[in-house]
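# Report on the structure
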Amino acid sequence: MPSISSFYGIIIRMYFQDNDRHKMPHIHVYYAEDEAVFDLTGEIIAGDFPKKQAAYVKAWCLLHEEELSANWKLAVNGEEVYRIEPLR
């Protein structure tokens, strides 16, 4: 469960071989006590997340959609994913 980015107290992780439960490319995002699963365009597909932080995640996903997709392919194959620049 490597962390691929973090910004403004938000931690973004992509798990290895994690395509069984959600059946689509996604990331796991954490903020304080909140946790949600987002697709690679920044839409929440499971869980709850504060509105302001969800907007940050969506903006970050849209900026890094190609990198996220490349990381997803690596993760599904059990390969090491790389870090992605945080939102600034």
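You'll find the structure just up there.
Residues numbered from 1 in each chain as written. Predicted model: local features only at pLDDT ≥ 70, side-chain atom pairs only at ≥ 80, totals over all residues. Heavy atoms only, no water.

### Some words on the overall build of the protein chain
Check the secondary structure of the protein chain and you find 2 helices and 5 strands. In the protein chain, the order of α-helices and β-strands from amino to carboxyl end is β-β-β-β-β-α-α. For 88 residues, the compact-globule estimate of 2.2 N^0.38 gives 12 Å, and the C-alpha radius of gyration of the protein chain, at 12 Å, lies within 12% of that figure. When its C-alpha atoms are laid out on the principal axes, the protein chain stretches across 35 × 25 × 20 Å. A sequence separation of at least 24 residues applies to 38% of the contacts in the protein chain between residues at least 6 apart. Surface summary for the protein chain: the accessible area is close to 5,100 Å², and the carbon and sulfur share equals 50%. One finds the centroid of the 9 positive side-chain charges in the protein chain at a distance of 4 Å from the centroid of its 14 negative side-chain charges. (Helix = DSSP H or I, 4+ residues; strand = E, 2+ residues; numbered from the N terminus. Rg over C-alpha atoms; globule rule 2.2 N^0.38 Å. Contact = heavy atoms within 4.5 Å. Areas by Shrake-Rupley, 256 points an atom, 1.4 Å probe, with all protein chains shown as cover. Lys, Arg positive; Asp, Glu negative; His and termini not counted. Charge placed at Lys NZ, Arg CZ, Asp CG, Glu CD.)

### Some words on the pairing of strand E5 (residues 44–48)
Relative to E5, strand E4 (residues 34–39) runs antiparallel, the two sharing 4 bridges. Each bridged residue has a counterpart across the sheet, and for glutamate 35 the counterpart in E5 is aspartate 48. Count of turn residues in the E4/E5 antiparallel hairpin: 4 residues, of which glycine 42 carries a positive phi of about 95°. (Pairing = 2+ DSSP bridges.)

### A closer look at the pattern of salt bridges
Evaluation of the coordinates by the stated rule reveals 2 salt bridges. The salt bridge involving lysine 58 is made with glutamate 43; its shortest N-O contact spans 2.3 Å. Here the residue lysine 58 occupies a position in helix H1 (residues 51–63), and glutamate 43 occupies one in the loop between E4 and E5, the gap between them amounting to 15 residues. Overall, lysine 58 belongs to the partly exposed group, its relative accessible area being 28%. Its relative accessible area of 39% is what places glutamate 43 among the partly exposed residues. (Salt bridge = Lys/Arg side-chain N within 4 Å of Asp/Glu carboxyl O. Buried < 20%, exposed > 50% of the residue type's maximum accessible area, 1.4 Å probe, protein only.)

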